[in-house]
Amino acid sequence: MNIVILTNLKQYPYHLTLANMINSLLSQPEYTISKLDINSEKYDHKCLAKLKSLNPNVLITLDLAGFRFPTQSGEIALNMLYTKNLNLIWGNKPEYAPFLNKKISLSMQFFDVSGIDNNLPLIFPNLLYYNVPGILSTNFSLEQELSKNKEVFIKIWQDFLKEALLLEA
(Lines give C-alpha, C1' and ligand atoms only; values in the text may rest on other atoms or scores of the structure.)
Protein backbone atom coordinates (compact mmCIF):
# COMPACT_ATOMS: atom_id res chain seq x y z
CA MET A 1 0.00 0.00 0.00
CA ASN A 2 1.33 3.42 -0.96
CA ILE A 3 0.57 6.07 1.70
CA VAL A 4 1.17 9.82 1.47
CA ILE A 5 0.93 12.11 4.50
CA LEU A 6 0.12 15.72 3.56
CA THR A 7 1.29 18.44 5.93
CA ASN A 8 1.16 22.22 6.13
CA LEU A 9 4.28 23.04 8.14
CA LYS A 10 4.05 26.77 7.48
CA GLN A 11 0.69 27.09 9.24
CA TYR A 12 0.94 24.15 11.68
CA PRO A 13 4.52 23.40 12.84
CA TYR A 14 3.29 20.40 14.88
CA HIS A 15 2.55 18.57 11.62
CA LEU A 16 6.19 17.51 11.38
CA THR A 17 6.08 15.63 14.69
CA LEU A 18 2.69 14.11 13.88
CA ALA A 19 3.76 13.03 10.39
CA ASN A 20 6.92 11.44 11.79
CA MET A 21 4.88 9.63 14.46
CA ILE A 22 2.42 8.32 11.84
CA ASN A 23 5.29 7.28 9.59
CA SER A 24 6.93 5.31 12.40
CA LEU A 25 3.64 3.67 13.45
CA LEU A 26 2.77 2.57 9.91
CA SER A 27 6.28 1.57 8.91
CA GLN A 28 5.95 -1.97 7.54
CA PRO A 29 7.42 -3.76 4.52
CA GLU A 30 3.97 -3.76 2.89
CA TYR A 31 3.66 0.04 3.09
CA THR A 32 5.51 2.73 1.19
CA ILE A 33 5.11 5.97 3.12
CA SER A 34 5.90 9.46 1.83
CA LYS A 35 5.50 12.84 3.50
CA LEU A 36 4.70 15.87 1.40
CA ASP A 37 4.37 19.43 2.64
CA ILE A 38 1.88 21.48 0.64
CA ASN A 39 4.30 24.41 0.68
CA SER A 40 7.19 22.42 -0.79
CA GLU A 41 6.55 23.87 -4.25
CA LYS A 42 6.12 27.49 -5.27
CA TYR A 43 2.79 26.74 -6.97
CA ASP A 44 -0.04 24.53 -5.75
CA HIS A 45 -0.46 22.80 -9.12
CA LYS A 46 3.17 21.65 -8.97
CA CYS A 47 2.67 20.23 -5.49
CA LEU A 48 -0.50 18.49 -6.69
CA ALA A 49 1.44 17.04 -9.63
CA LYS A 50 4.09 15.77 -7.20
CA LEU A 51 1.35 14.20 -5.08
CA LYS A 52 -0.16 12.50 -8.13
CA SER A 53 3.26 11.20 -9.16
CA LEU A 54 3.55 9.45 -5.79
CA ASN A 55 0.44 7.48 -6.81
CA PRO A 56 -0.99 6.96 -3.32
CA ASN A 57 -3.61 4.38 -2.37
CA VAL A 58 -4.17 6.21 0.91
CA LEU A 59 -3.86 9.92 1.56
CA ILE A 60 -3.58 11.15 5.15
CA THR A 61 -4.19 14.87 5.58
CA LEU A 62 -3.49 16.88 8.72
CA ASP A 63 -5.73 19.93 9.26
CA LEU A 64 -7.05 19.56 5.69
CA ALA A 65 -3.61 20.08 4.15
CA GLY A 66 -4.01 19.98 0.38
CA PHE A 67 -7.67 20.91 0.37
CA ARG A 68 -6.66 24.31 -0.97
CA PHE A 69 -5.59 22.71 -4.28
CA PRO A 70 -8.40 23.64 -6.71
CA THR A 71 -9.68 22.05 -9.88
CA GLN A 72 -10.36 24.33 -12.85
CA SER A 73 -13.95 24.65 -11.65
CA GLY A 74 -12.83 25.65 -8.14
CA GLU A 75 -13.64 22.37 -6.43
CA ILE A 76 -11.26 20.45 -4.16
CA ALA A 77 -8.70 18.69 -6.38
CA LEU A 78 -8.15 15.94 -3.80
CA ASN A 79 -11.69 14.75 -4.63
CA MET A 80 -10.38 13.70 -8.04
CA LEU A 81 -7.65 11.39 -6.76
CA TYR A 82 -8.16 7.63 -6.74
CA THR A 83 -7.35 7.33 -3.06
CA LYS A 84 -8.96 6.59 0.25
CA ASN A 85 -8.55 9.65 2.42
CA LEU A 86 -7.99 9.77 6.16
CA ASN A 87 -8.40 13.38 7.24
CA LEU A 88 -7.37 14.35 10.76
CA ILE A 89 -9.05 17.55 11.95
CA TRP A 90 -8.95 19.38 15.26
CA GLY A 91 -12.49 20.60 15.91
CA ASN A 92 -14.30 23.33 14.03
CA LYS A 93 -11.45 25.65 13.07
CA PRO A 94 -12.60 28.67 11.03
CA GLU A 95 -10.02 27.90 8.32
CA TYR A 96 -11.75 24.57 7.62
CA ALA A 97 -15.11 26.13 6.63
CA PRO A 98 -14.28 27.14 3.03
CA PHE A 99 -13.32 23.54 2.25
CA LEU A 100 -15.96 21.67 4.24
CA ASN A 101 -18.70 23.74 2.58
CA LYS A 102 -17.69 22.33 -0.82
CA LYS A 103 -18.40 18.95 -2.37
CA ILE A 104 -16.46 16.21 -0.60
CA SER A 105 -15.60 12.84 -2.11
CA LEU A 106 -17.26 9.76 -0.66
CA SER A 107 -13.78 8.28 -0.24
CA MET A 108 -12.94 10.81 2.47
CA GLN A 109 -13.22 9.99 6.15
CA PHE A 110 -12.83 12.67 8.77
CA PHE A 111 -11.55 11.99 12.27
CA ASP A 112 -12.08 14.86 14.69
CA VAL A 113 -9.23 14.44 17.13
CA SER A 114 -10.07 17.44 19.29
CA GLY A 115 -11.69 15.11 21.80
CA ILE A 116 -15.04 16.88 21.41
CA ASP A 117 -17.90 15.83 19.16
CA ASN A 118 -18.36 19.06 17.25
CA ASN A 119 -21.29 17.60 15.26
CA LEU A 120 -19.66 18.90 12.09
CA PRO A 121 -22.04 17.01 9.74
CA LEU A 122 -24.84 19.25 11.09
CA ILE A 123 -22.83 22.32 10.08
CA PHE A 124 -21.33 20.86 6.89
CA PRO A 125 -23.85 18.48 5.24
CA ASN A 126 -21.28 17.19 2.71
CA LEU A 127 -19.24 15.72 5.57
CA LEU A 128 -20.65 12.20 5.47
CA TYR A 129 -18.01 10.13 7.27
CA TYR A 130 -17.21 11.83 10.57
CA ASN A 131 -15.75 10.10 13.61
CA VAL A 132 -14.62 11.32 17.03
CA PRO A 133 -12.02 8.79 18.23
CA GLY A 134 -10.44 10.80 21.06
CA ILE A 135 -7.78 13.42 21.56
CA LEU A 136 -4.69 13.59 19.38
CA SER A 137 -2.55 16.16 21.17
CA THR A 138 -0.46 18.70 19.30
CA ASN A 139 1.70 19.20 22.39
CA PHE A 140 4.64 16.80 22.33
CA SER A 141 6.54 18.10 25.33
CA LEU A 142 5.66 15.07 27.44
CA GLU A 143 6.46 11.44 26.62
CA GLN A 144 3.04 10.58 28.06
CA GLU A 145 1.33 12.69 25.35
CA LEU A 146 3.30 10.97 22.60
CA SER A 147 2.38 7.55 24.00
CA LYS A 148 -1.31 8.47 24.17
CA ASN A 149 -1.16 9.92 20.63
CA LYS A 150 0.24 6.63 19.37
CA GLU A 151 -2.65 4.70 20.96
CA VAL A 152 -5.25 7.07 19.49
CA PHE A 153 -3.72 6.96 16.00
CA ILE A 154 -3.49 3.16 15.99
CA LYS A 155 -7.22 3.04 16.82
CA ILE A 156 -7.95 5.58 14.06
CA TRP A 157 -5.91 3.54 11.55
CA GLN A 158 -7.72 0.31 12.43
CA ASP A 159 -11.12 2.03 12.14
CA PHE A 160 -10.09 3.63 8.86
CA LEU A 161 -8.95 0.32 7.36
CA LYS A 162 -12.24 -1.29 8.33
CA GLU A 163 -14.42 1.58 7.08
CA ALA A 164 -12.42 2.10 3.88
CA LEU A 165 -12.58 -1.65 3.17
CA LEU A 166 -8.81 -1.86 2.91
CA LEU A 167 -7.10 -5.08 3.85
CA GLU A 168 -4.89 -4.83 6.89
CA ALA A 169 -1.32 -5.80 6.21
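Residues numbered from 1 in each chain as written. Predicted model: local features only at pLDDT ≥ 70, side-chain atom pairs only at ≥ 80, totals over all residues. Heavy atoms only, no water.

> So what's going on with the sheet that holds strand S3 (residues 58–62)? Which residues, and what values?
The six strands are arranged S2-S1-S3-S4-S5-S6 in an open sheet whose pairing can be described as parallel. The open sheet has two edge strands with one neighbour each: strand S2 (32–37) and strand S6 (130–131). Direction of pairing for strand S1 (residues 2–7) relative to S2: parallel, over a ladder of six bridges. Within S2, the residue paired with leucine 6 across the bridge is leucine 36. Docked against the sheet, helix H2 (residues 44–53) engages S1, S2 and S3, running at close to 180° with respect to S2. (Pairing = 2+ DSSP bridges. Helix = DSSP H or I, 4+ residues; strand = E, 2+ residues; numbered from the N terminus. Contact = heavy atoms within 4.5 Å. Axes fitted to C-alpha atoms, helices over the stretch in contact; angles between N-to-C directions.)

> Give me the lowdown on the side chain of asparagine 2, citing residues and values where you can.
Relative to the helices and strands, asparagine 2 is located in strand S1. The class of asparagine 2 is buried, set by a relative accessible area of 16%. A polar atom in the side chain of asparagine 2 sits 3.0 Å from the backbone oxygen of asparagine 55. Those residues in contact with asparagine 2, other than ones at most four positions away along the chain, are Thr32, Leu54, Asn55, Pro56, Asn57 and Val58. (Buried < 20%, exposed > 50% of the residue type's maximum accessible area, 1.4 Å probe, protein only. Polar contact = N/O pair within 3.5 Å; in protein donor to acceptor, adjacent residues only side chain to side chain.)

> Account for the packing of aromatic side chains, naming residues and giving values.
Two aromatic rings, taken as a pair, are described by how far apart their centres are and by the angle between their planes. Following the criterion strictly, the structure yields seven aromatic pairs and no others. Their ring planes at 65° and their centres at 6.4 Å tell us that phenylalanine 67 and phenylalanine 99 sit as a pair that is edge-to-face. Here phenylalanine 99 lies in helix H3 (residues 97–100) and phenylalanine 67 lies in the loop between S3 and strand S4 (84–89), a separation of 32 residues in the sequence. Residue classification places phenylalanine 67 among the buried residues on the basis of a relative accessible area of 2%. Through a chain of ring-to-ring contacts, the aromatic side chains of Tyr31, Phe153, Trp157 and Phe160 assemble into a single cluster. (Phe/Tyr/Trp six-rings, centres within 6.5 Å; stacked < 30°, edge-to-face > 60°.)

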